[in-house]
Amino acid sequence: VLVGVVGYMLGTGLGVPRPIGWIGTVDGAGATNLAPYSFFNMVAGDPPTFVFAPGNSARRDTLANVRAVPEFTINIVTDDVVEAMNSTAAALEAGESEFDLPGSTAMASERIRPPRVAECRATIECVVEQVVPVGAAEPGGNSLVIGHAVMFHVDEALLDGTRVDQAGLKAVGRHAGNTY
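Residues numbered from 1 in each chain as written. Predicted model: local features only at pLDDT ≥ 70, side-chain atom pairs only at ≥ 80, totals over all residues. Heavy atoms only, no water.

Below, the discussion takes up the packing of aromatic side chains. Tallying each qualifying case throughout the model produces four aromatic pairs. Look at Phe 40 and Phe 50: their rings are 6.4 Å apart centre to centre, the planes differ by 10°, and that puts the pair in the stacked class. With Phe 40 in strand 4 (residues 40-45) and Phe 50 in strand 5 (residues 48-52), this pair connects stretches of sequence that are 10 residues apart. Each member of the pair, Phe 40 as well as Phe 50, is classed as buried. For the pair Phe 52 and Phe 72, a centre-to-centre distance of 5.0 Å together with 70° between the ring planes defines the contact as edge-to-face. Of the two residues, Phe 52 sits in strand 5 while Phe 72 sits in strand 6 (residues 71-76), which places them 20 residues apart along the sequence. Summarising the burial analysis for this pair, Phe 52 and Phe 72 share the class buried. Through successive ring pairs, a cluster of aromatic residues spans Tyr 37, Phe 52 and Phe 72. (Phe/Tyr/Trp six-rings, centres within 6.5 Å; stacked < 30°, edge-to-face > 60°. Helix = DSSP H or I, 4+ residues; strand = E, 2+ residues; numbered from the N terminus. Buried < 20%, exposed > 50% of the residue type's maximum accessible area, 1.4 Å probe, protein only.)

Pro 47 follows Asp 46 through a cis peptide bond whose omega is 0°. Phi angles above zero are rare outside glycine, and Lys 170 is one such case at about 55°. For Lys 170, the location among the structural elements is in the loop between helix 4 (166-169) and strand 13 (173-174). Overall, the relative accessible area of 48% leaves Lys 170 in the partly exposed class.

Membership of the largest hydrophobic core comes to 17 residues, with the highest contact counts inside it found for Phe 50, Phe 52, Val 66, Phe 72, Ile 74, Ile 124 and Val 145. Taken together, the elements giving at least two residues each to this core come down to strand 3 (32-37), strand 5, helix 2 (62-68), strand 6, strand 9 (122-134) and strand 10 (142-154). Core analysis: the next-biggest nonpolar cluster, separate from the first, contains 12 residues, Leu 34, Val 82, Met 85 and Phe 99 among them. (Core = buried A, V, L, I, M, F, W, Y, C linked by side-chain atoms within 4.5 Å.)

Spatial ordering of the open sheet is given by 3-2-6-9-10-5-4, a layout of seven strands whose pairing is antiparallel. Strands with a single pairing partner mark the edges of an open sheet, and in this sheet they are strand 3 and strand 4. On average, adjacent strands in this sheet sit at an angle of 35° to one another, irrespective of strand direction. Note: strand 5 against strand 10, four bridges, orientation antiparallel. Across the sheet, the residue bridging to Phe 50 is Gly 147, located in strand 10. (Pairing = 2+ DSSP bridges. Axes fitted to C-alpha atoms, helices over the stretch in contact; angles between N-to-C directions.)

Right, let's talk about the pattern of salt bridges for a bit. Evaluated as defined, the whole model comprises two salt bridges. Here Arg 113 makes a salt bridge to Glu 71, at a shortest N to O gap of 3.1 Å. Residue Arg 113 is found in the loop between strand 7 (106-107) and strand 8 (116-117), and its partner Glu 71 is found in strand 6; the two are separated by 42 residues along the sequence. Among the residues examined, Arg 113 registers a relative accessible area of 54% and is labelled exposed. The salt bridge involving Asp 155 is made with Arg 121; its shortest N-O contact spans 3.1 Å. Of this pair, Asp 155 sits in the loop between strand 10 and strand 11 (159-160) while Arg 121 sits in the loop between strand 8 and strand 9, placing them 34 residues apart in sequence. Asp 155 gets classed as partly exposed once you look at its relative accessible area, which sits at 29%. Take Arg 121: its relative accessible area is 24%, and that puts it in the partly exposed class. (Salt bridge = Lys/Arg side-chain N within 4 Å of Asp/Glu carboxyl O.)

On to the environment of Thr 25, then. Secondary-structure assignment places Thr 25 in strand 2 (residues 21-26). For Thr 25, a relative accessible area of 0% puts it in the buried group. Separated by 87 residues in sequence, Thr 25 and Ile 112 have C-alpha atoms that sit 9.8 Å apart. The residues touching Thr 25, leaving out its near neighbours within four places in the chain, are Ala 31, Thr 32, Asn 33, Thr 62, Asn 65, Val 66, Glu 71, Phe 72 and Pro 114. Engagement of the side chain of Thr 25 in a polar contact is seen with the side chain of Asn 65, the distance being 2.9 Å. (Contact = heavy atoms within 4.5 Å. Polar contact = N/O pair within 3.5 Å; in protein donor to acceptor, adjacent residues only side chain to side chain.)

Right under this line is the structure:
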């Protein structure tokens, strides 16, 4: 069994492409956070249930935020927002919001408190069902955040009934390293 960096490198190099969930959250005081996660996916259909897996590091806000305010937005990363998404990957100073960076304008959600990204052509509003520790406590471990969708926002130009035009969406997937 390979563990540590080698296992991580092999796993992320073989589990490709991984969709990117650009996760919007708020803390108990209402401060916003926006961070990309390529450990993200849909896992059930009724209700539509999604997961993402933030690291357990105390220097990141997402996990603390979903524990304090159990809601999040999943903003779908596409060709037109990939550069803005990249700019939100680095941790900012406490009190600074990634929603203030160019290309990631905060837009009010309809059913939950965390904002969505106005520039994204598709966003899912979710309510947390469960947070499950996975792997090592720290470093290298994660927590699996499980949430169900309460609202979908999809650019009407991308819809044919309930089907999403994949070519028009131009969703970006993560490969190994910084390859998309």
